[in-house]
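Coordinate analysis (summary)
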Amino acid sequence: VSDPLFIDTIFEPPPTPSPAVAPISTTPAPVVTPAPQPPASTPAPIVVPPNNGKLDILDFTPHLAGDTPFSILPDETVRARVDLVAPYTNGIRTFACYNGLETIRYAKSLGMTTAAGAWMDNRPGASQAELNCLVNLAKEGVVDLAVVGSEVLTWN
């Protein structure tokens, strides 16, 4: 096409911007990255209790696998096992008194709250011995809460 009018109509120069319109910036816009959002299935955050993250009280026995509930453990063994849980709890609850004397006394010496239990069962004299033991510990002042077992209620 050699017609200059035709060429001028197709290739018109761009209009001159008016003074009221700001010139177009060639600087790229800043990239705003949204904060990552947790997936909907994320569990609620763990709330640390006000007692330095420790349990208020822990059900405790000094017996391990291989021991029987009627095993008499050396005091050193009982103390070592209380020492294992002491960083995680403010107190312990025992279930029997016959082998809980040192557990309760030692836990109390560490400043722990103590809930001492008396085991009730059908052995002749055993329940009374448990109660006597619990009363004696309470009289010593090392029991914060005395618990008389309810396990006998489940027996025939």
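Residues numbered from 1 in each chain as written. Predicted model: local features only at pLDDT ≥ 70, side-chain atom pairs only at ≥ 80, totals over all residues. Heavy atoms only, no water.

1. Observations regarding the sheet that holds strand β2 (residues 91-93)
With parallel pairing, four strands are arranged side by side in an open sheet as β1-β2-β3-β4. The open sheet has two free edges, formed respectively by β1 (58-59) and β4 (145-148), since each of these has just one partner strand. Examined bridge by bridge, β1 and β2 share two bridges and lie parallel to one another. Counterpart to Asp59 in the pairing with β2 is Arg93. This element, helix α3 (residues 101-109), spans β2 and β3 (113-118) of the sheet and lies at about 170° to β3. Lying on the sheet, helix α4 (residues 126-140) is in contact with β3 and β4; it crosses β3 at an angle near 160°. (Pairing = 2+ DSSP bridges. Helix = DSSP H or I, 4+ residues; strand = E, 2+ residues; numbered from the N terminus. Contact = heavy atoms within 4.5 Å. Axes fitted to C-alpha atoms, helices over the stretch in contact; angles between N-to-C directions.)

2. Some remarks on the packing of helix α2 (residues 75-85) against α3
One way to put it is that α2 packs onto α3 with a least axis distance of 9 Å and a crossing angle of 50°. Our classification of the angle between α2 and α3 gives oblique. Crossing geometry of α2 relative to α3 is assigned as right-handed. Taking contact as the criterion, the partners of Asp75, Val78, Arg79, Val82 and Asp83 in α2 are, on α3, Glu102, Thr103, Tyr106 and Ala107. Residue classes in the contact of α2 with α3 are distributed as four nonpolar, one polar and four charged. (Parallel < 35°, antiparallel > 145°, perpendicular 65-115°, else oblique. Left-handed = near helix turned anticlockwise from the far one by under 90°. Nonpolar A, V, L, I, M, F, W, Y, C, P; charged D, E, K, R; others polar.)

3. Comments concerning the environment of Phe60
With respect to the helices, strands and loops of the structure, Phe60 is situated in the loop between β1 and α2. A relative accessible area of 7% means that Phe60 is categorised as buried. Each C-alpha atom of the pair Phe60 and Thr94 lies 5.4 Å from the other, and the pair is 34 residues apart in sequence. The residues contacting Phe60, other than those within four sequence positions of it, are Arg81, Val82, Val85, Ile92, Arg93, Thr94, Phe95 and Thr103. (Buried < 20%, exposed > 50% of the residue type's maximum accessible area, 1.4 Å probe, protein only.)

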